[in-house]
Amino acid sequence: MSDIKSWAAAVCAAAIAGSLAHLMSPPGNMQKIYKLVVSTFFICAMLMPLLSAGKEISQAFPELPQAREESGAGMQSALQDQTAELFTAEIRRLTARKLEEMEVSYVGISVDIHESGDGGIYIEQLDILLPPEEEERGGEILWEIKNYLGVAPKLIRQEGSEQ
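Calculation rules
- Residues numbered from 1 in each chain as written.
- Predicted model: local features only at pLDDT ≥ 70, side-chain atom pairs only at ≥ 80, totals over all residues.
- Heavy atoms only, no water.
- Helix = DSSP H or I, 4+ residues; strand = E, 2+ residues; numbered from the N terminus.
- Buried < 20%, exposed > 50% of the residue type's maximum accessible area, 1.4 Å probe, protein only.
- Contact = heavy atoms within 4.5 Å.
- Areas by Shrake-Rupley, 256 points an atom, 1.4 Å probe, with all protein chains shown as cover.
- Patch = residues over 30% accessible without salt bridge, like charges linked within 9 Å, V, L, I, M, F, W, Y side chains within 5 Å.
- Salt bridge = Lys/Arg side-chain N within 4 Å of Asp/Glu carboxyl O.
- Core = buried A, V, L, I, M, F, W, Y, C linked by side-chain atoms within 4.5 Å.
- Expected span 1.5 Å × (residues − 1).
- Arc of directions from axis to C-beta.
- Pairing = 2+ DSSP bridges.
- Right-handed = clockwise from strand over helix to strand, strands pointing away.
- Axes fitted to C-alpha atoms, helices over the stretch in contact; angles between N-to-C directions.

Got a minute to help me understand the overall build of the protein chain in this structure?
Broken down by element type, the protein chain carries four helices and three strands. Secondary structure elements of the protein chain occur, N-terminal to C-terminal, as α-α-α-β-β-α-β. For the protein chain, the residues scored as buried account for 22% of the 163 residues in total. Restricting to contacts in the protein chain with at least 6 residues of sequence separation, those with at least 24 account for 56%. Carbon together with sulfur atoms contributes 61% to the accessible area of the protein chain, which is approximately 11500 Å² in total.

Looking at this structure, I do not really get a nonpolar patch on the surface. What am I missing?
A contiguous nonpolar patch, built from I16, L20, L23 and M24 and spanning about 490 Å² of accessible area, is present on the exposed surface. Looking at the secondary structure, you find I16 in helix α1 (residues 2-23).

Hey, could you run me through the pattern of salt bridges in this one?
Two side chains bearing opposite charge may form a pair once their charged atoms approach each other closely. Scanning the model with the defined rule gives six salt bridges in all. Here R137 ties to E140 by a salt bridge, and the two come within 3.1 Å at their closest N and O atoms. Members of the salt-bridge network, linked through shared partners, are K98, E101 and E144.

Would you mind going over the nonpolar core with me for this structure?
Soluble globular proteins: nonpolar side chains tend toward being buried together. By size, the foremost hydrophobic cluster in this structure holds 17 residues, and its most contacted members are L99, L126, I141 and I145. Elements supplying a minimum of two residues to this core: α3 (64-101), β1 (108-115), β2 (121-130) and α4 (138-149). What I141 contacts, discounting residues up to four positions off in sequence, is L99, M102, V104, L130, E134 and L155.

I keep staring at α1 and nothing clicks. Help me out?
Turn by turn, an α-helix covers 3.6 residues, leaving residues three or four places apart pointing in a common direction. With 22 residues, α1 should cover 32 Å at 1.5 Å per step; its first-to-last C-alpha distance of 32 Å lies within 8% of that length. Among the residues making up α1, those that are buried are V11, A14, G18 and A21. Projected onto a plane normal to the axis of α1, the buried residues spread over an arc of 95° and lie on a single side. Counted as exposed and oriented over 90 degrees from the buried face of α1: S2, K5, I16 and L23.

Please clarify how α4 should be interpreted in this entry.
Between its terminal C-alpha atoms α4 stretches 16 Å, which fits the 16 Å expected from twelve residues at 1.5 Å a residue. Taken together, the buried positions of α4 are G138, I141, I145 and L149. Along the axis of α4, the buried residues cluster in a sector spanning 60°; they form a single face. When the buried face of α4 is taken as reference, the exposed residues oriented beyond 90 degrees from it are G139 and W143. Residue G150 follows α4 closely and has a positive phi angle near 85°.

Just checking my understanding: could you explain the pairing of strand β3 (residues 154-157) for this structure?
The side chains of a regular strand alternate, first on one face of the sheet and then on the other. For β2 and β3, the ladder comprises four bridges, and the chain directions are parallel. When the bridges of β3 are listed, L130 appears paired with R157. Tracing the backbone out of β2, into α4 and back to the parallel element β3 gives a crossover that is right-handed.

I keep staring at the sheet that holds β2 and nothing clicks. Help me out?
Picture the strands of a sheet paired through backbone hydrogen bonds; they go either parallel or antiparallel. Strand order in the open sheet made by the three strands is β1-β2-β3, with mixed pairing throughout. Of all strands in the sheet, those bounded by a partner on one side alone are β1 and β3. If you compare each strand with its neighbour and ignore which way they point, the axes differ by 20° on average. Direction of pairing for β1 relative to β2: antiparallel, over a ladder of eight bridges. Paired with G108 across the strands is L129, a residue of β2. Against the sheet, α4 contacts β2 and β3, and its axis sits at roughly 155° relative to β2.

Spelled out as structure tokens, the structure:
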């Protein structure tokens, strides 16, 4: 607070000094130059404390850019994780909806994804756990899901034998 008071006092002193100098300035063309010099002095008197305060702030927080980079990397990682979770949930939802449209009962849906270095997310494997009574519809399920999602699922019988 004392810094603000000293800045205000310096601005007031500069204004008083500028006014007195203006009153004593010679008339004519010299007066215009004198006004320009006094105005420049007044602006400098106002800005100098602000500029020096900016240097003090940057010296007080030298680790701020590094902390911002670290938090940015953490946010990027969290965003990628959330995107992967949402993608996986959406693939599960779309698969379940298609199976329900086909009136196929299922036990579970598992989605494994791969995140590429360029930010892409790809379906690595789609597993559908089916009860034994749906075994005879395996070919139809494979074809429909592949046409719907573009990925051929791996059908797994509930007992554990694969199709």
